[in-house]
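Spelled out from the first residue to the last, the chains are:
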Amino acid sequence: MSLRLVPVSLDQANEHVAAWHRHNEPVVQAKFCVGAADDANVLRAVAIVERPKARGNCDGMTVEVTRVASDGTRNANSLLYGACARAAFALGYRRVITYTQADESGSSLRAAGYRVIASRPSRPGWDTPSRPRADLSYRTIPRQLWEKETAA
């Protein structure tokens, strides 16, 4: 089966994230979304790119792939991670980041040219004294931070 990139709206992407993603919910906003469809035009995977969640990465030149979800079609995630980076670089961004849980292999990211740049320990949640939040769905697990930078 061959795959090709297709444009998808945030609503379409969120619908598939809700159906396929193992541990994350749909998102509220995005810079852009992209999908992977098969020869029969069936959407097999989606990716959502946003501004970075961490304030330290909000430099105006970085975007974050916050969701990639698929029905398990082989190579769909790698195709989307690569497409997200190329699209971001074409829009003038210099760096693309994403996170994986520590128990995920990252093979799709490696195949798309990303590299691990940091390990993040588990944290109790997003609640801080300066910004209180009640997020009961937060999973406290270690994560890997991946990046891909433009060559130019």
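Preceding this paragraph is the structure being described.
This is a predicted model, so every value here is computed, not measured.

Undergrad: What should I look at first to understand the state of the cysteines in this one?
TA: Here is the idea: a disulfide is a covalent bond, and it sits between the sulfur atoms of two cysteines. Counted according to the given criterion, the structure contains zero disulfides. Of the cysteine sulfurs around C84, a residue in no disulfide, the closest is that of C33, at 8.7 Å.

Undergrad: Just checking my understanding: could you explain the pattern of salt bridges for this structure?
TA: Scanning all chains against the criterion turns up five salt bridges. Across the salt bridge formed by D71 and R44, the nearest N and O atoms sit 2.7 Å from each other. Of this pair, D71 sits in the loop between strand 4 (62–70) and helix 2 (76–90) while R44 sits in strand 3 (residues 43–50); the two residues are 27 residues apart in sequence, bridging distant segments of the chain. By relative accessible area, D71 is classed as partly exposed at 33%. Taking the relative accessible area as the measure of exposure, R44 reaches 21% and is therefore partly exposed. Here E147 and R115 are joined by a salt bridge, their closest N and O atoms 2.8 Å apart. Here E147 is found in strand 7 (residues 143–149), whereas its partner R115 is found in strand 6 (residues 115–120), with 32 residues between them in sequence. A residue is classified by how much of its surface remains accessible, and R115, at 46% relative accessible area, is partly exposed. Each of D38, R44 and D71 takes part in salt bridges that share partners, so that together they form one network.

Undergrad: What should I look at first to understand the packing of aromatic side chains in this one?
TA: Centre distance and the angle of the planes are the two values used to describe a pair of aromatic rings. Within this structure, the stated rule accounts for one aromatic pair. Ring geometry for Y81 and Y114: centres 5.7 Å apart, planes at 70°, overall edge-to-face. Within this pair, whereas Y81 is found in helix 2, its partner Y114 is found in the loop between helix 3 (107–111) and strand 6, the two being separated by 33 residues in sequence. Neither residue differs from the other here; Y81 and Y114 are each classed as buried.

Undergrad: Whenever I open this one, helix 2 confuses me. Can you help?
TA: For an α-helix, the turn length of 3.6 residues means that residues three or four places apart are oriented alike. The end-to-end C-alpha distance of helix 2, which contains 15 residues, comes to 21 Å, matching closely the 21 Å that a straight helix rising 1.5 Å per residue would cover. Regarding helix 2, the residues found buried are A76, S78, L80, Y81, G82, A83, C84, A85 and A88. Two residues or fewer past helix 2, G92 is found with a positive phi of approximately 100°.

Rules of the game
Residues numbered from 1 in each chain as written. Predicted model: local features only at pLDDT ≥ 70, side-chain atom pairs only at ≥ 80, totals over all residues. Heavy atoms only, no water. Disulfide = S-S within 2.5 Å. Salt bridge = Lys/Arg side-chain N within 4 Å of Asp/Glu carboxyl O. Helix = DSSP H or I, 4+ residues; strand = E, 2+ residues; numbered from the N terminus. Buried < 20%, exposed > 50% of the residue type's maximum accessible area, 1.4 Å probe, protein only. Phe/Tyr/Trp six-rings, centres within 6.5 Å; stacked < 30°, edge-to-face > 60°. Expected span 1.5 Å × (residues − 1).

Keep in mind these numbers describe shape, not what the thing actually does.
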